[in-house]
Amino acid sequence: QVQLVESGGGLVQPGGSLRLSCAASGSIFSINAMGWYRRAPGKQRELVAAITSGGSTNYADSVKGRFTISRDNAQNTVALQMNSLKPEDTAVYYCNADHKTSNSSPTYRYWGQGTQVTVSS
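It should be emphasised that the depicted structure is a prediction, and the values quoted were computed from it without experimental measurement. (Residues numbered from 1 in each chain as written. Predicted model: local features only at pLDDT ≥ 70, side-chain atom pairs only at ≥ 80, totals over all residues. Heavy atoms only, no water.)

## Thoughts on the packing of aromatic side chains
Per the stated rule, a full pass over the model turns up two aromatic pairs. The ring of Tyr 37 carries Arg 45 above its face, with NZ or CZ at 5.8 Å from the centroid. The side chain of Arg 45 reaches across the aromatic face of Trp 111, ending 4.0 Å from its centre. (Phe/Tyr/Trp six-rings, centres within 6.5 Å; stacked < 30°, edge-to-face > 60°. Lys NZ or Arg CZ within 6 Å of the ring centre and 35° of its normal.)

Here it is as structure tokens:
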């Protein structure tokens, strides 16, 4: 079992910055990709950014150039630096981790509990 705990959400004015962090703990064997999703009111959950254990990244078009994802494999943490925030970035942000219990096991995706980000003046 793997637990993910997010932190860093809050209220920020348009144009401001926030940094989200997520720490994985528990019986960790190997974590492949980690990432961030978000769900805005009345909308489906969408991918914000993802990063592999090798450091390859993928971003939603709406956040490219404004958000940066990073991870520390030794600490099993992933972070999302969000700059130039817009009201449309308002959402609950969820951390995820794709975990394997052995080299031959399938990957199971774990989710954090979510952290609210509100961009408003």
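## Considering the nonpolar core
Formed by 30 residues in total, the largest nonpolar core has its most connected members in Trp 36, Leu 80, Met 82 and Tyr 93. Of all the secondary-structure elements, those providing two or more residues to this core are strand 1 (2-7), strand 3 (18-26), strand 4 (30-39), strand 5 (46-51), strand 7 (67-72), strand 8 (77-82), strand 9 (91-100) and strand 11 (115-119). Beyond its immediate sequence surroundings of up to four residues, Leu 80 is in contact with Leu 18, Arg 19, Leu 20, Trp 36, Val 48, Ala 49, Phe 67, Thr 68, Ile 69 and Tyr 93. (Core = buried A, V, L, I, M, F, W, Y, C linked by side-chain atoms within 4.5 Å. Buried < 20%, exposed > 50% of the residue type's maximum accessible area, 1.4 Å probe, protein only. Helix = DSSP H or I, 4+ residues; strand = E, 2+ residues; numbered from the N terminus. Contact = heavy atoms within 4.5 Å.)

## Things to note about the sheet that holds strand 3
For sheets, the rule is that strands pair by backbone hydrogen bonds, running either parallel or antiparallel. In spatial order, the strands read 1-3-8-7; together these four strands make up an open sheet with antiparallel pairing. Two strands close off the open sheet at either side, each with one partner strand: strand 1 and strand 7. If you compare each strand with its neighbour and ignore which way they point, the axes differ by 15° on average. Pairing of strand 1 with strand 3 involves six bridges; the strand directions are antiparallel. Residue pairing for strand 3: Val 2 is matched across the bridge by Gly 26. (Pairing = 2+ DSSP bridges. Axes fitted to C-alpha atoms, helices over the stretch in contact; angles between N-to-C directions.)

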